[in-house]
Amino acid sequence: EFEELRGVAETQVRQMTGRDLNIAGAIDLQISLSPAISLEDVSFANAPWGSRPAMATVKRLELEVSLLPLLLGEVRIRRLVLVEPDILLETDRDGRGNWVFGDAPAGDGEGTDSPGALPSFSEIAVRDARAVFRDGKTGRTVRLHLSDLQARAENRASPIDISVAGAANDTAFKIEGTLGSPDALAADKAFPLKLAGEIAGVRMAVEGQIEAPLTQQSLDLSVSVKGASLVDLSDLVNAPLPKTGPFSIAAQVRREGREITMTGLAVKVGGSDLSGT
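This write-up is about the structure you can find in this document. Keep in mind that what you see is a predicted model, and the values were worked out from it rather than measured.

Sheet analysis places strand E8 (residues 123-134) next to strand E9 (residues 141-152), joined by 11 bridges and oriented antiparallel. Its bridge partner lying in E9, Ala 129 is registered against Leu 146. Taking the residues between adjacent antiparallel strands as the criterion, E8 and E9 are bridged by 6 residues, where Gly 139 takes a positive phi near 80 degrees. Pairing of E9 with strand E10 (residues 160-168), which is carried by 8 bridges, proceeds in the antiparallel orientation. When the sheet's bridge partners are listed, Leu 144 is paired in E10 with Ala 168.

What follows covers a nonpolar patch on the surface. Taken together, the side chains of Ile 87, Leu 89, Trp 99 and Phe 133 present a nonpolar region at the surface, about 310 Å² in accessible area. Structurally, the position occupied by Phe 133 is in strand E8. The exposure class of Phe 133 is partly exposed, given its relative accessible area of 30%.

When a protein is soluble and globular, its nonpolar side chains tend to lie buried together. Leu 39, Ala 151 and Ile 160 are the most contacted members of the largest nonpolar core, which totals 32 residues. With near-sequence residues (within four places) excluded, Leu 39 lies in contact with Ile 23, Ala 26, Ile 27, Lys 59, Arg 60 and Leu 61. Ranked by size, the runner-up nonpolar core spans 7 residues in total, among them Val 202, Val 225, Leu 230 and Val 269.

This structure, assessed with the given rule, holds 11 salt bridges. Between Asp 183 and Arg 156 there is a salt bridge whose closest N-O contact spans 3.1 Å. Linking Asp 183 in helix H3 (residues 182-186) with Arg 156 in the loop between E9 and E10, this pair joins segments that are 27 residues apart in sequence. Taking relative accessible area as the criterion, Asp 183 reaches 28% and is therefore assigned partly exposed. Of the charged contacts in the structure, one is a salt bridge between Asp 220 and Arg 254, with a shortest N-O distance of 3.4 Å. Of this pair, Asp 220 sits in strand E14 (residues 218-227) while Arg 254 sits in strand E15 (residues 247-256), and the two are 34 residues apart along the sequence. Residue Asp 220 is classed as partly exposed on the basis of its relative accessible area of 32%. One network of salt bridges, with partners in common, ties together Glu 40, Arg 60, Glu 62 and Arg 79.

Checked against the element boundaries, Ser 158 lands in the loop between E9 and E10. The buried category is assigned to Ser 158, whose relative accessible area is 13%. Polar contacts involving the side chain of Ser 158 include one to the side chain of Asn 155, which spans 2.8 Å. If sequence neighbours within four positions are ignored, Ser 158 has contacts with Ala 153, Gly 180, Ser 181 and Pro 182.

Here is what the cut-offs are and how they apply
- Residues numbered from 1 in each chain as written.
- Predicted model: local features only at pLDDT ≥ 70, side-chain atom pairs only at ≥ 80, totals over all residues.
- Heavy atoms only, no water.
- Pairing = 2+ DSSP bridges.
- Helix = DSSP H or I, 4+ residues; strand = E, 2+ residues; numbered from the N terminus.
- Patch = residues over 30% accessible without salt bridge, like charges linked within 9 Å, V, L, I, M, F, W, Y side chains within 5 Å.
- Areas by Shrake-Rupley, 256 points an atom, 1.4 Å probe, with all protein chains shown as cover.
- Salt bridge = Lys/Arg side-chain N within 4 Å of Asp/Glu carboxyl O.
- Buried < 20%, exposed > 50% of the residue type's maximum accessible area, 1.4 Å probe, protein only.
- Core = buried A, V, L, I, M, F, W, Y, C linked by side-chain atoms within 4.5 Å.
- Contact = heavy atoms within 4.5 Å.
- Polar contact = N/O pair within 3.5 Å; in protein donor to acceptor, adjacent residues only side chain to side chain.

Purely geometric stuff here, so don't read any function into it on its own.
This is the structure we're talking about:
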């Protein structure tokens, strides 16, 4: 039994975030050069104004870290496994997110404060995850189900290989590709990405760079979409589209602060070039 460890973890999270962490299930700790811990039935409290008591729950969490860096105060995650996480991200009517802790004011997306240092990692696996984003201003809700997510990096400076399969608002998707390194993500530095996948039978590809992935200050992405008919995009854009022949759409998408621009738009439908229309 690790009742003392349970209490320490719950107390530290409370001190850091002002929110309650509850570890209701078993705790297992293995001491070695790569200490490992597993927790069951974990929940983390939502903001006081939130629409449900828990911001996140996890059926099982497995964590393995490197010992020597840990002794020096640095967290290097060798392996993180989340089984059946259920996460709610929501904003209130003023745009404040439930992921903002303490008395920090609601952000407008243009802040310059950098996030706290994140731990680097070698492998992350997520199984049967469910996430919901609810916009308190508009009432819009996006539901995401990840049946499987795998992310691996050979070392802290290596690209992250990622594969994701699941559904967004009941629309199935599968995405594979590479992202920037764990070090770049932890430091919130320039973060390249190259992803390709299929959503509801529509093939998509994204390649480019996010200048700061955690704060999203700017991005520059080449985006392409191809499919058998525009009608296949109806669910994605939440609007009825006509049946057509094969289509392709390509553009360069840039974001600076709150401004988003699209250049080089090329649209072809059923053999006709509609780029200038």
